[in-house]
Structures are given as structure tokens and as C-alpha cells.
Amino acid sequence: MISPAAMLSAAPAFAESAPAAQTQNDAGSIAALEKAAADAAKAYQKAKATQADIAAKLETFDPAPYLAKHREAQAAAKKATEARTAAEDDLHKAMSVYDKASAAEREKARQDLLKAMDKANAAIAAEQQAQTAAAAAGTAADDARVDLFRRINEANKAVDAALAAKNDADKALADARAAAEKPTDKPTEKPAEKPTDKPAEKPTDKPAETPADQGAQQPGTVTPATDTTSTTDKSAAASTTSATSATSATSATQTTTANTGTTPAATTGSATELAETGSNPATPYLALGAATAISLGAAALYVSRRKGTRPTS
């Protein structure tokens, strides 16, 4: 268990050691992110320049040069056809001479025939080549226009990719700068456990109370159990004394009455007073008897409680 004092003493060490290393790492990462953002911006500008160049070529495309080349190719093909026709005519003439030549002229006629054949074959090949060039020149304008459309499409895709890369690099740089500006005073490590210094249980040592003493106590006060017996004993002793005094007073009153032959009411004057107030003349005797009974009961209670602790004599 980690005490709160240990936590508080270790926290400043964490707070002091963390910012230095973090600042160094943040500076290095921010420099790298700045370079990446600059490179992404350059790539984006280059892609936009290429896109603008191709778009300008497509917008200002002129098929006239291609058409001129097509016409030149067609003229060359026509000349090749004429040359092939003339070569074939020469070949036919050479063949006719060879057929009509005598034995002495046959060898010369054969040599002329071979030359005519070679010339005709060359003229045929030249004609085919000129016709192929003329056909290519005829589609050169359309091919150039299609190529420009293909290149502008690729340039648009390259611009979109470069812009996305630039935005990502700018966002990463902005996030790194914002994180570097925030204070880092919190400890980098947390304690393994929280201190638990609270007591497991609450004390329940309340003093006991007896029903007999609850009425005599003041609100909010508690009398220990050990003092209850003493208080009861004192109350019982006082009750016994009161009962003895009351018994003596009663005996004295009865003796005086027997000797004088007068009634208690006449002696004390209470009969007259009670008669004047309208009360019954026997009320004092009833009150005295009730007090005597209560005193005797208290004495009996006291004797019964003390009987278990003291031996009976």
C-alpha cells in the first residue's frame, strides 16, 4: 500500500522529469512533420503545374499540323503508287523483250528482266509503306487528342492525391504543435493502489441505559450501567428512611389521639380546612396509607436486590 505522503513526494519528481524528455521528442517530431508538410506542398504544386500544362494543351489543341502531315503522306503514297505502276510496266516490257530475244540477245534480255523485277518489287514495297504512313497521319490528330484526355485525367488524380497528402501533413503538424503548447504538469505514472487508511469498523461502545433511569435523565445524557445500581440503592435507602419517618409520625398521631380523646382532624385543624374547601375529611388518611405502601414496596425492592450480593444475617 502506498501512503499519501509517498504519493505527494513522488509526484513532483515525475512532473519535473517528464517535460524535458517530452519537449525534446516534440521538437524532433515537429521538425520532421514540418519537412513532410513542406515536401507535400511541393508535390502538390508540381502536380498542379502538370495539370495546368496538359489542360492548356488540350484547350489549345490544333489539328492543322496533323492534317498537313496527312496530306503529305497521301501525296507520297500517290507517288509510290505511280512508281509501282511504272515499274510493273517496265517489267512487262522486259518480259516481252526476253520472250522475243534471239539466242544471242537472250542473255541481255534476261538481265534486263531481272532488273525490272527488282525495281517493280521495290516500288510495290514503297507504295505499301507510303499508304501505311498516310493512314497513320489521318488518325494522328485524333490519337493526339485522346492522349491529351488520358494525360489530363491522370493529372487530375495526381492533384487530388497530392492535396490529400498535403492536408494530412498539415493536420499532423498542427496537432503536434497544439499538443506541444499544452502544459504537461501531471505525473506520467499513477500509483498502483489508492491509500486505504479508513478504519474497518466504527466503534459501538455506547453506554447502556436502564428503563428506570431514562425518565430522570436530561435529554442527550447517558448514565453508565455501573452507576445505576448505586443510584437505585440510594433511592431505596431514602425510601426506607421516609417510610420509617412516616410510620413514626403515624404512631405518634395515634397515641396523641388515644390520650386526648380527640380526633386527628380537630387536633391538626385539617378537618375544618378540608370542610371549608369541600374535600372529604378522610383524604389525609388515604394519602398517608398510600405513602406507607409505596415506602414498604421500595424497601422490599431494595432488600431483594441486595440479597444476592450480601449474606443474610
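The residue numbering used here restarts from 1 in each chain and proceeds along that chain's sequence as written. Given that this is a predicted model, residues contribute local features only at a pLDDT of at least 70 and side-chain atom pairs are listed and counted only at 80 or more, while totals for whole chains, interfaces and linings are drawn from all residues. By convention in this description, side-chain values take in all heavy atoms of the structure and omit both hydrogens and water.

**Student:** Mind showing me how you'd approach the confidence of the model for the protein here?
**Tutor:** In low-pLDDT regions, the fine details of the predicted coordinates are not to be read closely. Mean pLDDT over the protein works out to 73, with 58% of the residues at or above the 70 mark. You can read pLDDT as the predictor saying how much it trusts each residue, on a scale of 0 to 100. In this description a helix means any DSSP run of H or I spanning at least four residues, a strand means any run of E spanning at least two, and both kinds are numbered starting from the N terminus. Within the protein, the element-level pLDDT minimum falls on helix H6 (residues 264-268), averaging 42, and the maximum on helix H3 (residues 103-181), averaging 93. Between two residues, a contact is recorded if the distance between any of their heavy atoms is within 4.5 Å. Segment residues 1-21: pLDDT under 50, and 21 contacts once partners within four positions in sequence are set aside and those in other chains are kept. Note on residues 207-275: pLDDT under 50 across the span, and 38 contacts to partners over four residues away in sequence or across chains.

**Student:** Help me understand the environment of Asn-121 in this model?
**Tutor:** If you trace the backbone, Asn-121 turns up in helix H3. The spacing of Asn-121 and Leu-91 is 30 residues in sequence and 9.9 Å in space, taken between C-alpha atoms.

**Student:** What is the right way to read the packing of aromatic side chains from this model?
**Tutor:** The description of an aromatic ring pair uses the distance of the two centres, along with the angle that the planes make with each other. Pairs were defined over the aromatic rings of Phe, Tyr and Trp, the Trp ring being its six-membered one, requiring ring centres within 6.5 Å. Orientation was assigned from the angle between planes: stacked under 30 degrees, edge-to-face over 60, tilted for the rest. Under the criterion given, the structure shown has one aromatic pair. Considering the side-chain rings of Phe-61 and Tyr-66, the 5.7 Å spacing of their centres and the 25° angle between planes classify their relative orientation as stacked. Since its relative accessible area comes to 27%, Tyr-66 is described here as partly exposed. The ring of Tyr-98 has Arg-106 lying over it, and the distance from NZ or CZ to the ring centre is 5.2 Å. Burial classes: relative accessible area under 20% of the type maximum marks a residue as buried, over 50% as exposed, and values in between as partly exposed (1.4 Å probe, protein chains only). Geometrically, a charge over a ring is one whose NZ (Lys) or CZ (Arg) sits within 6 Å of the ring centre while staying within 35 degrees of the ring normal.

**Student:** In this structure, what is going on with the nonpolar core? I would like to understand it.
**Tutor:** Among soluble globular proteins, nonpolar side chains are generally buried collectively. For our purposes a nonpolar core is just a set of buried Ala, Val, Leu, Ile, Met, Phe, Trp, Tyr and Cys residues, chained together by side-chain atoms within 4.5 Å. Membership of the largest hydrophobic core is limited to seven residues, which are Ala-87, Leu-91, Ala-94, Leu-113, Ala-116, Ala-120 and Ala-123. For this core, the secondary structure elements donating two or more residues are helix H2 (64-100) and H3. No other element matches the four residues that H3 contributes to this core.

**Student:** Looking at this structure, how should I read the pattern of salt bridges?
**Tutor:** Opposite charge on two side chains permits pairing when their charged atoms draw close. Should a side-chain nitrogen of Lys or Arg be within 4 Å of a carboxyl oxygen of Asp or Glu, the pair is scored as a salt bridge. Scanning all chains against the criterion turns up 13 salt bridges. One salt bridge in this structure joins Arg-145 and Asp-142, with 3.6 Å as the shortest N-O distance. Within this pair, Arg-145 and its partner Asp-142 are both found in helix H3, separated by three residues, close to a single helical turn. Close ionic contact of Asp-147 with Arg-150 constitutes a salt bridge, the shortest N to O distance being 2.5 Å. Pair noted here: Asp-147 and Arg-150 are both in helix H3, with a separation of three residues, about one helical turn. Judged by its relative accessible area of 43%, Arg-150 falls in the partly exposed class. Because the salt bridges share partners, they merge into one network encompassing Arg-84, Glu-88 and Glu-127.

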